[in-house]
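Examination of the molecular architecture
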Amino acid sequence: MTNVRHNWTKEEILNIYNKPFMELLYEAATVHRQHHDPNSVQVSTLLSIKTGGCPEDCGYCPQAARYHTNVEGNDLMSVQQVKAQALRAKSTGSSRVCMGAAWRNVKDGEEFDQVLEMVRTINKLEMEVCCTLGMITENQAHRLAEAGLYAYNHNLDSSEEYYKEVISTRGYEDRLQTIDNVRKTNVTVCSGGIIGMGEKIEDRAGMLVALSTLNPQPESVPINALVAVEGTPLADEKPVEIWDMIRMVATARIVMPETQVRLSAGRTQMSREGQAMCFFAGANSIFAGDKLLTTPNPDVNEDMKMFEALGLNPQKPFTKKVQPPTVEAAESQFQALGEKPKWTRPEHKIERNEIAKQQSKVLK
Ligand code: SF4
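Residues numbered from 1 in each chain as written. Predicted model: local features only at pLDDT ≥ 70, side-chain atom pairs only at ≥ 80, totals over all residues. Heavy atoms only, no water.

With respect to helix α4 (residues 110-124)
Between its first and last C-alpha atoms α4 spans 21 Å; for 15 residues at 1.5 Å apiece the expected length is 21 Å, and the two agree. Packed against the buried residues of α4 are β1 (40-50), α3 (79-91), β2 (96-101), β3 (128-132) and α5 (138-147). In the stretch just after α4, Glu126 is the one whose phi turns positive, near 60 degrees. (Helix = DSSP H or I, 4+ residues; strand = E, 2+ residues; numbered from the N terminus. Expected span 1.5 Å × (residues − 1). Contact = heavy atoms within 4.5 Å.)

Laid out in C-alpha cells, this is it:
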C-alpha cells in the first residue's frame, strides 16, 4: 500500500504547508489513518547520558560549552543508572529510550564501549533503543547495530540554507554523511528539526524536502519547537505559534506518510488541545519525562491524563519493525578502528553566536 514519494519539491511542500488550515488538517488526518493507527501514540523517554561541555556552537543548545547557561555538566552515566531509568520509563508506558550524549562525534574507547553496553542492556529489556551521540563512522554504526540499537538520531535541524545561520562548526553534508553511515546498517534513522529559530517558512519546507527526498525516508522525524534558553544565541526568539507547529506536523505527515512523526521539544508551551490537534494532524509519538535532555517537559502523569481524555493508547515496542538481536561484546564481529568521522569546518562566523560566546566569557 506504499505510495511514498521521494521527489517532493519545495514549491509543492510550501503549497501543502500554506493550505487553508481545515483542508490541511483533513488531508493530513486522512493520510495518517491510511498508514497508522490514529489512536496509538508512542511514548519515548529521552535520557541525557552525558550532559554539557559540547565543543559545537549550535545556537539553540544550552549544552554548548561556549555559552553561559544554567546547565550543569555531567560525566557519562553508568550502565546501572541507565538501566534503572529505563525500567522506570518502561513502568510508566515508554516503549523507547533515547540516549543523548553531548559529543561532537563518537570516539572509540571506553566511553563508547560503555554506551554499547547500555544499548545491549536496554534492548534486553525489550524496549526500542535510540542513541544520539553526534557524528559516527560507518564502523561505529555497525557496532551500535550489533549491540541491538533500534534507531540513531541525527537531526538536520533546518534547511541547508538556514543551517549556516545557526551552526558554524560543521556543515549540512556532515549531518547527511552520518545518516548515510547509519543507513549502511539495519538501524532505523531518526532525523528532524527545530522550528522557531528565526527561519522562514521556506526553510521549514526546505528541511522537509531534505528529509522526504532521502530514500528510504527516515523512519522517525522529530518536530521540535525551539525552547529558547537564556545564555544561548537564540534566547530572544519568540515562542512558536501552535498553528505553525500543527502545520509543520501535518505537512511532515503528508510528505512522509509512513514515518513516525514525533512531537518533541516545546510541549510545555502547548495546551492539551493544541497537542490533540497535532495528534489529529499525524503526530504519533511524544517524549515523556519532566526533562528533555536539559529543557522542561510535561509531567508523565499529565501526559497519561491527556491520553485518557483522548482515548489514546501507548504504542507497543517493535510495532513498526522487529526487535534487533543483541550480540555480546565478547562475540563482536567489529573491532574499534579508532577512526574519526571526517567533517567539514565551514569557517564562517555567526554574529549572534560570537556575541553569546563573548558575553559568556564576561559572565564566567
Ligand atoms: S545540539 Fe548537540 S552537537 Fe550541538 S551543541 Fe548541543 S550537544 Fe553539541
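What to know about the packing of helix α1 (residues 10-17) against helix α8 (residues 201-212)
At a closest axis distance of 9 Å, the pairing of α1 and α8 adopts a crossing angle of 120 degrees. As summarised for this structure, α1 and α8 are arranged oblique, according to the angle between their axes. Between α1 and α8 lies a crossing of right-handed hand. Within the contact between the two elements, α1 uses Lys10, Ile13, Leu14 and Tyr17 and α8 uses Ile201, Glu202, Arg204, Ala205, Gly206, Leu208, Val209 and Ser212. Split into classes, the residues belonging to the contact of α1 with α8 amount to 7 nonpolar, 2 polar and 3 charged. (Axes fitted to C-alpha atoms, helices over the stretch in contact; angles between N-to-C directions. Parallel < 35°, antiparallel > 145°, perpendicular 65-115°, else oblique. Left-handed = near helix turned anticlockwise from the far one by under 90°. Nonpolar A, V, L, I, M, F, W, Y, C, P; charged D, E, K, R; others polar.)

Re unusual backbone geometry
What is expected of a backbone is that most residues other than glycine have negative phi and most peptide bonds are trans. Geometrically, the link from Asn215 to Pro216 is a cis peptide bond, its omega value of 0 degrees lying close to zero. Position of Pro216 relative to the elements: it lies in the loop between α8 and β7 (220-225). Even without glycine at this site, Glu347 takes up a positive phi of about 60 degrees. With respect to the element layout, Glu347 can be found in the loop between β12 (313-314) and α12 (351-363). With relative accessibility at 71%, the residue Glu347 sits in the exposed group. (Buried < 20%, exposed > 50% of the residue type's maximum accessible area, 1.4 Å probe, protein only.)

So, the site of the ligand
The immediate surroundings of the ligand are formed by Cys54, Glu56, Cys58, Tyr60, Cys61, Ala64, Ala102 and Arg170. Grouping the amino acids of the shell around the ligand by side-chain chemistry returns 6 nonpolar, no polar and 2 charged. (Near = heavy atom within 4 Å.)

With respect to the UniProt feature "binding site: [4Fe-4S] cluster" (unreviewed entry) in the chain
Per the UniProt record, "binding site: [4Fe-4S] cluster" (unreviewed entry) is annotated on Cys54, Cys58 and Cys61. Position of Cys54 relative to the elements: it lies in the loop between β1 and α3. For Cys54, a relative accessible area of 10% gives the class buried. When neighbours within four sequence positions are excluded, Cys54 is seen to be in contact with Gln63, Ala64, Ala65, Ala102, Trp103 and Arg104. With respect to the helices and strands, Cys61 occurs in the loop between β1 and α3. Contacts of Cys61, omitting those with residues within four sequence positions, involve Tyr67 and Thr232. (UniProt positions renumbered as here; feature names shortened; annotations may be inferred.)

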